[in-house]
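Tertiary structure, described
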Amino acid sequence: DLDLLVTVLPLKFTRDVLGATGREDECGLGVHKTISKLHATLSWNASDAAYDIRCDGRNGMVVDGKPYLKGDTARLKARSAVRICNTCFYFLLPLKTLEDDDNDDDEDDEAGADDAGGGEE
């Protein structure tokens, strides 16, 4: 089992030991020869506000039961099932984004500033 928190995009799925490769922009899918050295790339499509995965490998990939060939791009949604050769995973969206966390901190700062007024009414 592998849980991977993606913090950098684009993320490259490569033929390497399963999991982190030592580079934060890569994830190894295993060392089987059916996995290309660069098999797929996960990216954020800002114009559509959506996540995409592009197939870069000669053996293709399957997303939500649909096959994709080298050069094809699939749109990912919450809980999309991805199979690249013999490696399968689910794409899960975060419950909160880093931007949401930043906004929460700003709201906390503003609330604290209101409370620090010394009780004037």
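Before reading further, recall that the structure is shown in the block above.
All figures in this text were calculated on a predicted structure; none of them were measured in a lab.

**Section: the overall build of the protein**
Within the protein, the regular secondary structure consists of one helix and ten strands. Going from N to C terminus, the protein has its helices and strands arranged as β-β-β-β-β-β-β-β-β-β-α. Evaluated residue by residue, the protein yields a buried proportion of 30% over its 121 residues. Intrachain contacts of the protein at a sequence separation of at least 6 include 27% that bridge at least 24 residues. Of the accessible surface of the protein, which amounts to about 8500 Å², a share of 50% is contributed by carbon and sulfur atoms.

**Observations regarding unusual backbone geometry**
A cis amide bond links leucine 9 to the next residue, proline 10, at an omega of 0°. For proline 10, the location among the structural elements is in the segment before strand 1 (11–14). A positive phi angle, near 50°, is found at alanine 49, a position not held by glycine. With respect to the helices, strands and loops of the structure, alanine 49 is situated in the loop between strand 4 (38–45) and strand 5 (50–55). Residue alanine 49 is classed as exposed on the basis of its relative accessible area, which comes to 52%. Non-glycine residue aspartate 64 carries a positive phi angle of around 50°.

**A look at the sheet that holds strand 6 (residues 61–63)**
Spatially, four strands are ordered 7-6-9-10 in an open sheet, and the strand pairing comes out antiparallel. Strand pairing shows two members of the sheet lacking a second neighbour, strand 7 (66–68) and strand 10 (87–91), which therefore form its edges. Between one strand axis and the next, the sheet turns by 25° as a mean value, whatever way the strands run. Relative to strand 7, strand 6 runs antiparallel, the two being bridged by three bridges. Looking across to strand 7, one finds that valine 62 is bridged to proline 67.

About the criteria used
- Per chain, residue numbering runs from 1 following the sequence as it is written.
- In view of the model being predicted, local features appear only for residues whose pLDDT reaches at least 70, and side-chain atom pairs are presented and counted only at 80 or more, with totals across whole chains, interfaces and linings using the full set of residues.
- Side-chain metrics rest on all non-hydrogen atoms present in the structure, leaving aside hydrogens and water.
- In this description a helix means any DSSP run of H or I spanning at least four residues, a strand means any run of E spanning at least two, and both kinds are numbered starting from the N terminus.
- Only protein chains enter the calculation, and the probe is 1.4 Å; a residue is then buried if its accessible area is under 20% of its type maximum, exposed if over 50%, and partly exposed in between.
- Throughout, a contact is declared for two residues whenever any of their heavy atoms are within 4.5 Å.
- In this description, accessible areas are obtained by the Shrake-Rupley approach with a 1.4 Å probe, and a residue is regarded as covered only by the protein chains that are shown.
- The rule for pairing is simple: two strands pair if DSSP sees at least two bridges between them.
- For helices, the fitted axis covers only the stretch in contact; all axes are lines through C-alpha atoms, and the angles between them, taken along N-to-C directions, range from 0 to 180 degrees.

These figures capture arrangement, not role.
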